[in-house]
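# Fold and geometry: a report
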Amino acid sequence: MPRFQVLLGMAFSALLAVVAMQPDAVLAMQPDVSRHSVEAPVALAIQDSTPRAGDLVVARKIGSAARVVESVTPELGSSYDHTTAPSAVIAGTEMPVEIRITNTGVRPWPAGGDQPVRLGYHWYDANGNTVLWEGARAALSSDVASGQATTLNVSVRAPPSNGTYTLAWDLVQDGTGWFSDNAVAMKTERIVVGDGVTLYGKGWGHGIGLSQWGAQGWAEGAAGPRLSGEEILAKYFPGADLVSRPEAPPFRVLLSAPSNGCVGSTIGDVASLSSEGGMRLVNDADPTVVYAQTGPGQLMRASRSGASVVVTDGRRVAYAGRDPVRVVPVQSWDPISIAEKGLSYRGDLWLQVAGGSLTLVNVVSSDDYMRGVLPGEMLPFWEIEALRAQAVTARTYAAWKQSSAGEREWDVRDDTSDQCYRGHSVETERTNTAVESTAGQFLFYDDQPIRAMFSSANGGASENPGCVFNAIRVGETWGCAEGWPYLTSVPDPAELAAYDKRGANPYAELWSEHFSGAEIRAQIIEDYGIDIGQFVSMGFNESPGGRPISVVVRGSNQSVDLHGQQFLRATLGLRSTLVSTTPF
């Protein structure tokens, strides 16, 4: 054997021995994958700390150890902090995109000279094949030093055919090559090219606070050990205190306004009242002043005459005036029935003409109120601990509304504007048990009842209300308001795994709604009075929880940046705001 081959073999054996003794050493063989081929799929984003070509490797010793530790500082590096690329766009359209990038390497990026650094982009199809390797390059406005950020505006042309694509951002230096060829990860964004927009979503409702299906899942142990009602509340309202307030004032529930959702009947200007043990009509300010008393089951009729309330007891006019009056049951435990509502209610009924209509308010203790709410907000056969968590949540929500009622004659409405309340008529033994086991309990923060919000299903994660209902204008777009510390974005795996005797949680399944460009244009004209022209694209300004704070819709005439909750739920009528233009 020639001497050269012997020496080469000895050197290779020694190298293998050294590597075997160094557990921290990594040999990375990088395949030579051509990104220019439209046949071969490519890896679109790779985060890898292994030393590569173009890195500066500094070796140093620690103490007396013989081991060499490698500290790697990239010579080329970049991070992409912000982009306004849309999620859906019409085929072949040019779209302006703003993108913010930071130089995370040690080498500055020159804006001019023989080897300037510029920003380019690539398009890949759903299988990772290259559709367009080199789009228009955007020049830097000035040199970018290490650690410095810059914002660029790029005109990107969408692919000419409908489909789901990946837009990959990549820096390039003339005469040197693409940054991605030097192990600098590209930023990738999935964009749907098509006619109009298909929105995919999960959940039902606003997704803030307690999820009813999530509470059911946690109570039945769908994602771990079974949780108690108290433990469920702690998950959805972190930092809130569970307190007992047996002396809490009664709630005032508006029954006379036009009801929607769960209560379809409206009183109007006439209310026909009766109670099994009879009723008394008394002065609201001084209940010792009795205007009339009916016998068991006898009818009392209240109506409006101009600005006055007129009450008859079947034989005569017992009261006519503008001062509020109150109807109370002779036997305190008897409910009062209202024929026009088709329901009966515990507590008293308060009557007055306000705002040009008969105003009828049910004045009821917090726990009796909950007896009429719980069956309307959660299925009575669900897990008892889920029912208990819902009882505390709904009771607290009413207390929060009461704390901000001001001069209003009522605290909450009886329908989906607040909570579904159908009084004594819908009570069940199981829901009453849940109410009794949590009697007088509220959630407080800083010695005040919290804004205890809830929805049917959050789609797998709750959201901060500051990013949904209370989003604020920040410059030309929308941003999240501060919100409340006890309402944050938290993952909810139990909701996705929840079930009941009918089957799995139906709102954990992906749903979709398609809107043509013409439909989107028409809805924006109808709701906002703005004609965007022919639809071009739609993009999302997302919250940390992944829901659109706002939706940017671009047309041939102009672009609009619309409040996410209002546009998605009210304008488009979607089930929730947890949406994407691609399945997730």
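Everything numeric here is computed off the predicted structure, so don't read it as measured data.

## With respect to the nonpolar core
Within the largest apolar cluster, 72 residues are counted, with the highest numbers of intra-cluster contacts made by Phe237 and Tyr369. For this core, the leading source of residues is helix 5 (residues 384-403), giving 8 residues. Setting aside residues up to four positions removed in sequence, Tyr369 forms contacts with Phe251, Val253, Val364, Ala398, Val412, Gln419 and Tyr421. Ranked by size, the runner-up nonpolar core spans 28 residues in total, among them Ala85, Tyr121, Val154 and Val156.

## Quick word on the state of the cysteines
Per the stated rule, a full pass over the model turns up 2 disulfides. Covalent S-S linkage joins Cys262 and Cys420, the inter-sulfur distance amounting to 2.2 Å. Residues Cys262 and Cys420 are joined by a disulfide whose S-S torsion is about -105 degrees; by sign, that bridge is left-handed. Taken together, the residues Cys262 in the loop between strand 16 (251-254) and strand 17 (270-275) and Cys420 in the loop between strand 28 (412-413) and helix 6 (429-437) connect sequence positions 158 residues apart. Overall, Cys420 belongs to the buried group, its relative accessible area being 7%. Note on cysteine connectivity: Cys467 is disulfide-linked to Cys480, with sulfurs 2.0 Å apart. Judged by the torsion about the S-S bond (115 degrees), the Cys467/Cys480 disulfide is right-handed.

## Notes on the environment of His82
Inspection of the secondary structure puts His82 in strand 3 (residues 78-83). Measuring from C-alpha to C-alpha, the distance between His82 and Glu98 comes to 7.7 Å, with 16 residues separating the pair along the chain. The residues contacting His82, other than those within four sequence positions of it, are Glu98, Ile99 and Arg100.

## Thoughts on the pairing of strand 27 (residues 357-364)
Moving residue by residue along a regular strand, the side chains alternate between the two faces of the sheet. Strand 27 sits mainly inside the fold: 7 of its 8 residues count as buried. Both strand 16 and strand 27 contribute to a ladder of 4 bridges, which runs antiparallel. Looking across to strand 27, one finds that Arg252 is bridged to Val363. Sheet topology note: the strand 26 (residues 348-354)/strand 27 ladder contains 7 bridges and is antiparallel. Residue pairing for strand 27: Leu349 is matched across the bridge by Asn362. Taking the residues between adjacent antiparallel strands as the criterion, strand 26 and strand 27 are bridged by 2 residues, where Gly355 takes a positive phi near 65 degrees.

## Remarks on helix 6
Among the residues making up helix 6, those that are buried are Thr431, Asn432, Ala434 and Val435. Projected onto a plane normal to the axis of helix 6, the buried residues spread over an arc of 155 degrees and lie on a single side. Buried residues belonging to helix 6 abut helix 4 (366-377) and helix 5.

## With respect to the sheet that holds strand 9 (residues 149-157)
With respect to topology, 3 strands assemble into an open sheet ordered 3-5-9, the strand pairing being antiparallel. Each edge of the sheet is formed by a strand with only one pairing partner; in this case those strands are strand 3 and strand 9. The average angle at which neighbouring strand axes cross in this sheet is 35 degrees, direction not considered. Inspection of the sheet shows strand 3 paired to strand 5 (residues 94-103) by 5 bridges, in the antiparallel sense. Bridge assignment links Thr83 to a residue of strand 5, and that residue is Ile99.

## Describing the pattern of salt bridges
In total, this model carries 24 salt bridges according to the counting rule given. Residue Arg326 is joined to Asp348 by a salt bridge in which the shortest nitrogen-to-oxygen separation is 3.3 Å. With a gap of 22 residues between them, Arg326 in strand 23 (residues 325-329) and Asp348 in strand 26 connect regions that are remote in the sequence. One connected set of salt bridges, linked through shared partners, spans Arg118, Glu134, Arg137 and Asp174.

## Considering helix 8 (residues 517-528)
When the terminal C-alpha atoms of helix 8 are compared, their 16 Å separation across 12 residues agrees well with the 16 Å that a helix rising 1.5 Å per residue should span. Of the surrounding elements, those touching the buried residues of helix 8 are strand 13 (197-201), strand 36 (511-515), strand 37 (535-542), strand 38 (548-555), strand 39 (559-563) and helix 9 (564-571). Just beyond helix 8, the residue with positive phi is Gly529, at close to 70 degrees.

## Here's the deal with the packing of helix 2 (residues 212-220) against helix 5
Direction vectors running N to C along helix 2 and helix 5 enclose 140 degrees, while the axes themselves pass 8 Å from each other. Relative to helix 5, the element helix 2 lies oblique. In terms of crossing hand, the pair formed by helix 2 and helix 5 is right-handed. Across the interface between the two elements, Gln212, Ala215, Gln216 and Ala219 from helix 2 touch Glu385, Ala386 and Gln390 from helix 5. When its residues are assigned to classes, the contact of helix 2 with helix 5 shows 3 nonpolar, 3 polar and 1 charged.

## So, the packing of aromatic side chains
Aromatic ring pairs are described here by two measures, namely the spacing of the ring centres and the angle between the planes. One pass over the full model with this rule turns up 13 aromatic pairs. Note on Trp204 and Tyr507: the rings are 5.3 Å apart at their centroids and 35 degrees apart in plane angle, and the pair reads as tilted. Of the two residues, Trp204 sits in the loop between strand 13 and strand 14 (210-211) while Tyr507 sits in the loop between strand 35 (503-504) and strand 36, which places them 303 residues apart along the sequence. Exposure remark for Trp204: the relative accessible area of 38% places this residue in the partly exposed category. In this structure Tyr507 comes out as partly exposed when scored by relative accessible area, which is 23%. Judged by centre distance (5.0 Å) and plane angle (35 degrees), the ring pair of Tyr369 and Tyr421 falls under tilted. With Tyr369 in helix 4 and Tyr421 in the loop between strand 28 and helix 6, this residue pair connects regions lying 52 residues apart in the sequence. For the pair Tyr369 and Tyr421, one class covers both residues: buried. Put simply, the rings of Phe251, Tyr345, Tyr369 and Tyr421 touch in pairs and so form one group of aromatic residues. Positioned above the aromatic ring of Trp218 is the side chain of Lys235, whose terminal nitrogen or guanidinium carbon lies 4.3 Å from the ring centre. The ring centre of Phe444 lies 4.6 Å from the NZ or CZ of Arg245, which sits over that ring.

Cut-offs used in this document
Residues numbered from 1 in each chain as written. Predicted model: local features only at pLDDT ≥ 70, side-chain atom pairs only at ≥ 80, totals over all residues. Heavy atoms only, no water. Core = buried A, V, L, I, M, F, W, Y, C linked by side-chain atoms within 4.5 Å. Buried < 20%, exposed > 50% of the residue type's maximum accessible area, 1.4 Å probe, protein only. Helix = DSSP H or I, 4+ residues; strand = E, 2+ residues; numbered from the N terminus. Contact = heavy atoms within 4.5 Å. Disulfide = S-S within 2.5 Å. Pairing = 2+ DSSP bridges. Arc of directions from axis to C-beta. Axes fitted to C-alpha atoms, helices over the stretch in contact; angles between N-to-C directions. Salt bridge = Lys/Arg side-chain N within 4 Å of Asp/Glu carboxyl O. Expected span 1.5 Å × (residues − 1). Parallel < 35°, antiparallel > 145°, perpendicular 65-115°, else oblique. Left-handed = near helix turned anticlockwise from the far one by under 90°. Nonpolar A, V, L, I, M, F, W, Y, C, P; charged D, E, K, R; others polar. Phe/Tyr/Trp six-rings, centres within 6.5 Å; stacked < 30°, edge-to-face > 60°. Lys NZ or Arg CZ within 6 Å of the ring centre and 35° of its normal.

On their own, these measurements won't tell you what the molecule is for.
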